[in-house]
Amino acid sequence: FWYTPGLLAWLRRIAPLADRHVANAAAIAARIRTTLRIDPDRIEVLPNGMDLEPFRALPARAEARACFGLDPSAPIAGLLANLNRPVKRPDLFIEAAAIIAVRHPDARFAILGDGSLRPDLEARARALGIADRLSFLGQRPTSREFVAAVDIGVCPSDSEGLSNAILELEAAGVPMVATRTGGNPEIVIEGETGILVEPGSACDLAGAVSRLLDDPALARRLGAAARAMV
């Protein structure tokens, strides 16, 4: 998303100087192969690694929710993202939350992360009438309590590499709803570990989250498969 024409021209000039190019997802490898005109034999895919130890013994759900003052019993859909980059589309998450709130009056929503977009996002939540159902949790040293607290993870980004946020949520056994962009389809397997939707549609995002809220058994199955995959 940050490849401007000028930057692309510069990268194409210096790309031949490298012996190898490393991408963190097959989708990114394909992207740089075409945009930077690199020989496929010179591109290696090295997926993001993560330490699974912190996710093997997570806090109990009630304890995790108490850390944030979240409703102990309501179903919660969560977004884990920095709030500095519009490409992460936290605004779309809020638009979808407003739609879900009508279909599921008991549902709640939470965002872990902070940044310059937060004041506008809070204002949008107020305008949509869901400020009392959406919790902005700010920045935390780790995501352990958050991933233990939410029932459904959401990644509404317009562009992604290989999302650490998705991997952390899946490592906790949280089923994902993610946009079909970048490396997302490589770690959110449609119908197996989560649900994929096209980028940019709050209605599609809301529909997929509602589907998991309507079918807890499906959500549990997808979450368990996601954890095993990670």
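Predicted, not measured: the structure shown is a model, and the values here were computed from it. (Residues numbered from 1 in each chain as written. Predicted model: local features only at pLDDT ≥ 70, side-chain atom pairs only at ≥ 80, totals over all residues. Heavy atoms only, no water.)

Enquirer: Go over the environment of Met50 with me, naming the residues and quoting the values.
Expert: Its location among the elements puts Met50 in the loop between strand S2 (43–45) and helix H3 (53–56). You can call Met50 partly exposed: its relative accessible area is 26%. Residues Met50 and Leu167, 117 residues apart in the sequence, show an inter-C-alpha distance of 8.1 Å. With residues near it in sequence (within four places) discarded, Met50 still touches Phe55, Leu167, Glu168, Ala171 and Val230. (Helix = DSSP H or I, 4+ residues; strand = E, 2+ residues; numbered from the N terminus. Buried < 20%, exposed > 50% of the residue type's maximum accessible area, 1.4 Å probe, protein only. Contact = heavy atoms within 4.5 Å.)

Enquirer: If you had to explain the packing of aromatic side chains to someone new, which residues and values would you point to?
Expert: The final tally for this structure, using the stated rule, is two aromatic pairs. An angle of 90 degrees between the planes, with centres 4.6 Å apart, marks the rings of Trp2 and Tyr3 as edge-to-face. The exposure class of Trp2 is partly exposed, given its relative accessible area of 48%. Ring centres 6.4 Å apart and planes at 80 degrees place the aromatic pair Phe93 and Phe109 in the edge-to-face group. (Phe/Tyr/Trp six-rings, centres within 6.5 Å; stacked < 30°, edge-to-face > 60°.)

Enquirer: Could you give an account of the pairing of strand S6 (residues 152–155), with specific residues and numbers?
Expert: The side-chain alternation of S6 yields two buried faces, one formed by Ile152 and Val154 and the other by Gly153 and Cys155. Two strands pair when backbone bridges link them, and strand S3 (residues 76–80) and S6 are joined in this way by three bridges, in the parallel orientation. Across the sheet, residue Ala77 finds its bridge partner in S6, namely Ile152. Note that S6 and strand S7 (residues 176–179) share three bridges and pair parallel. (Pairing = 2+ DSSP bridges.)

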